[in-house]
Amino acid sequence: MNCYLQILLQSYKEFRGILVSLHLICPKIVKFYLRLLISIAISAIFVACSPTRFVPEGETMLSSVKINSDNPQISAGDYRIYVRQEANSKWLNTLKVSLGIFCMSGTDTTKRFNRFVHRIGEAPVIYDEKLATYSKNAMEAAMRSQGYLQARVVTDTVVKKRRAKLQYNMQSGRRYYVKHVTYDYDNDTIRQEVERGMKYNLRDGMPLDMVQLDEERTRIIKFLRTRGYYNLTPEYISFDADTIQHELGIMLTLKFRAPANISREMAYQQYRLGEVRVHEEPSPRDDDAMEGRDTTLYNRLLLIQPRKSHLRNRVYRREIFIHQDSLYNEQATKLTYQGLNALPIVNYATVRYVTPHEGDSLLNVDVNVNLNQLNSASFDLEGTNTAGDLGGAASLTYTNRNLFRGAEQFSVKLRGAYEAIHHLEGYQSQNYLEYSAEGTLRLPTMPLVFSDERHARLKGNSELSLLYNSQDRPEFHRRLLTGTWSVNWVKRSLPNFRNRLDILSLNYVFMPWISETFTKDYLEGDDPRYAVLRYSYENLFIMKTGYSFVYNSLNLQSATSLNKTNGYQVKFNVETAGNVLYGISKMAHLKQREDGQYELFNIPYSQYGKIDFDFSKSVLIDERNSMAFHAAFGLAVPYGNSTIVPYEKRYFAGGANSVRGWSVRQLGPGSYRGQDGNIDFINQTGNLKLDFSAEYRSCLFWKIEGAAFIDAGNIWNTRNYADQPGGQFRWNTFYKQIAVAYGLGIRFNFNFFILRFDAGMKAIDPVVLSGRDHWPIIHPNLRRDFAFHFAVGLPF
């Protein structure tokens, strides 16, 4: 108890002066944050006093680990990965709350409560001198591999009250460099092959870096293995380094030697490919799995297949880059793996080279292809929450992975959703009903890619999709018909850079019914306040084309995968709509409506240009803490046949993936203040968007992670609309209209998906451009400024 009182007294003395000063300036700040400070203080109390009772007698608890470097060119943080034993983790890099949770239990593990708390908390880390020695040796080896041959690490351990503070002091010494590099081969053919086909990366004067030497070794062997030299491995290359007394220069020799356990003739044998045999294995669930097999020679491929083969022969010829009578090429093997395993009908594929006898220069190849189940179906249920209106959705998906026996994937998805709408007066129905049907055909080839050479450089597919969507709301009924032809591809030499081209996308929006109440209140008459609203409820046709790319520095599939990495991702999209139709309308001198719009089948078509840019960056602090940054810009400009961008292409602000101090569609455009909740979801949209976010992420305990974030941004319109006062973008005022929010978040990370709960508070409110209410961070009000968000996945 005395320990608790001492900490309370110490904490009170430290914070008393700050709290008194803040209270004199703004008492609401103290009231608002006092509970948070108390919670942190309580956590610190039970963390500080109780852990050592779980430490066995004669042992000490590791309370902290620090790394110091005497060389400004060596970052101590880069060597953290070599530390084998770390102290207990900290929340937001400050408090050991996970340890504190563990210490809330007793030492009796027979009690269920104690076992539960031990499972979700974190036990005290017992200091292990052997692990400290291992860490020290690993850090010394890492520095020496970078050329600091005299490097040493000195450990300093201070033990007080059964708590150990461990410090690694790195003393690098001076860095050695390569004074001169020479090359020594035991085979002239190999030497000539290397010198004729590539340039060495090693050079005189470079630092002595073992990583660069190993990369050069791998690069040379990889090059030779594309020239038929099947038996070569990195062990064939070694390095000799001769030091000169009293000098930092190293005389470096790259030696290429065949191992002693293999004859020189076999080691340097250049192989050509013999028979290329393809063994097709159907799925065990297929009825044809037990039938007989046929052997067919097709375009120099020996195909061994069931009598009712599932795949056409040309598919194997297209995806197998290993060709009979060609030199062995490791890159061709890699491309074959990628091509076959990317097919939806293929479960997995393997390539095996039959080891030849000595003196034999032919390699026979066995390609084993295990097929997937042809048909599958899945059923999914999900819960929905739209601005507090709860509902549910169900979807049924059927997939055929080989529709025309050419690895074409065909899928049909049926989806239905229901949502109960509240606080909507004057309408007969209070329910939202949606159903949709979508068919997609994905072809494993790209248009205009006919040659094997081009197919070897580009990997891609084509996609045809058709979607029908029906939405029945109390205010209106809406129908959407969409057809798209798109191409996705990636250059094999740049797998991080994924491209998509929407060759043609047709969208037809039809409004079969609008309620009399909604029509009378908002759509009838010429009130300029509802100009955007009226346009959003007209029948519309959109014919667009677009291009987008995603670049991921880590070659990951999604932005959320950047979590806890040192990677970044760039997304870019550009699209245009209506240009071809507008040109045809002009040349054909078609008749215009009274408002100046051209029509197609008595339906006005939309014309606009749109560009989007999105950047995400993750910075790994340590294995449990990271920072994430995000910036996004979007602009959609109507022109020609349109004065307003279609509703589906407009931007909104607020919500779980935007400025989290506002609920979804409750922010903007500009300083516009929503006044009618029934139509603000339309009016609070814009055609220009700016978003900025910074988020600190930390592993807390068990599967729970925490975050602290700051968001900024808003939306605007590039035109002045009467129903959106303050919503137009102006260079001299837009910076005053940038909203800022801050908050905390809890995430449940189940590896395959993440549940996210974020609590945001307004910091700067653009609705009020000056005065007290412009700064909610100084005058917080929970009822006015608080927004809670639930989402699946990370915001960026």
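1. Let's talk about the sheet that holds strand β9 (residues 301–306)
A sheet is described by the order of its strands in space; here five strands give the open sequence β8-β9-β7-β11-β10, paired in mixed fashion. If you trace the sheet from one side to the other, it starts and ends with β8 (293–298) and β10 (346–354), each paired once. Neighbouring strand axes in the sheet, compared pairwise and without regard to direction, differ in orientation by 15° on average. Bridging between strand β7 (residues 272–281) and strand β11 (residues 362–371) involves eight bridges; their strand directions are parallel.

2. A closer look at the pattern of salt bridges
Scanning all chains against the criterion turns up 41 salt bridges. Residue Arg 191 is joined to Glu 195 by a salt bridge in which the shortest nitrogen-to-oxygen separation is 3.2 Å. With a gap of four residues between them, Arg 191 and Glu 195 both fall in helix α6 (residues 188–197), about one helical turn apart. Across the pair Arg 415 and Glu 434 runs a salt bridge whose closest N-O atoms are separated by 3.9 Å. Here Arg 415, found in strand β14 (residues 409–420), pairs with Glu 434, found in strand β15 (residues 431–443); they are 19 residues apart in sequence, far enough to count as distant. Note on Glu 434: relative accessible area 15%, which makes it buried. Several salt bridges converge on common partners, so that one network encompasses Arg 660, Glu 695, Arg 697, Asp 711, Arg 747, Arg 756 and Asp 758.

3. Overview of the nonpolar core
The biggest cluster of nonpolar side chains holds 27 residues, and the ones touching the most others in it are Tyr 316, Tyr 353, Val 367 and Val 369. Contributing elements (two or more residues each) for this core: β7, β9, α9 (313–319), β10 and β11. Counting residues per element, this core draws most heavily on β11, which supplies five residues. The residues contacting Val 367, other than those within four sequence positions of it, are Val 276, Arg 277, Val 278, His 279, Ile 320, Leu 340, Thr 350 and Val 351. Within the second largest apolar cluster, 26 residues are counted, among which are Val 194, Met 198, Ile 221 and Ala 267.

4. So, helix α12 (residues 516–523)
Along α12, the positions that sit buried rather than exposed are Phe 518, Tyr 522 and Leu 523. Looking straight down α12, one finds that the buried residues subtend no more than 70° of arc, so they occupy a single side. The exposed residues of α12 that point more than 90 degrees off its buried face are Glu 516 and Lys 520.

5. With respect to the packing of α6 against helix α7 (residues 210–224)
Where α6 contacts α7, the axes come no closer than 11 Å and their chain directions differ by 100°. One way to sum up the angle between α6 and α7 is to call them roughly perpendicular. Residues Ile 190, Glu 193, Val 194 and Gly 197 of α6 form the contact with α7, whose participating residues are Ile 220, Phe 223 and Leu 224. When its residues are assigned to classes, the contact of α6 with α7 shows five nonpolar, one polar and one charged.

6. Some details on the sheet that holds strand β4 (residues 177–185)
On the basis of which strands lie adjacent, the open sheet formed by three strands has the order β4-β6-β5 and mixed pairing. Among the strands making up the open sheet, the edge pair consists of β4 and β5 (237–243). Neighbour to neighbour, the strand axes of the sheet diverge by 20° on average, direction disregarded. Two elements, β5 and strand β6 (residues 249–256), share seven bridges in a ladder whose sense is antiparallel. Looking at the pairing, Ile 237 lines up with Phe 256 of β6. Contacts between α7 and the sheet are confined to β5 and β6, with β5 contributing the most and set at about 150° to the helix.

7. A few points about the confidence of the model for the protein
In the predicted model, the protein carries a mean pLDDT of 86, and 88% of its residues have values of at least 70. Every residue in residues 1–34 is under pLDDT 50, and counting partners more than four places away or in other chains gives 23 contacts. Contacts of residues 44–48 to residues separated by more than four positions or lying in other chains number 15 contacts, the stretch itself having pLDDT below 50.

The rules we used
- Residues numbered from 1 in each chain as written.
- Predicted model: local features only at pLDDT ≥ 70, side-chain atom pairs only at ≥ 80, totals over all residues.
- Heavy atoms only, no water.
- Pairing = 2+ DSSP bridges.
- Helix = DSSP H or I, 4+ residues; strand = E, 2+ residues; numbered from the N terminus.
- Axes fitted to C-alpha atoms, helices over the stretch in contact; angles between N-to-C directions.
- Salt bridge = Lys/Arg side-chain N within 4 Å of Asp/Glu carboxyl O.
- Buried < 20%, exposed > 50% of the residue type's maximum accessible area, 1.4 Å probe, protein only.
- Core = buried A, V, L, I, M, F, W, Y, C linked by side-chain atoms within 4.5 Å.
- Contact = heavy atoms within 4.5 Å.
- Arc of directions from axis to C-beta.
- Parallel < 35°, antiparallel > 145°, perpendicular 65-115°, else oblique.
- Nonpolar A, V, L, I, M, F, W, Y, C, P; charged D, E, K, R; others polar.
- pLDDT = per-residue confidence, 0-100.

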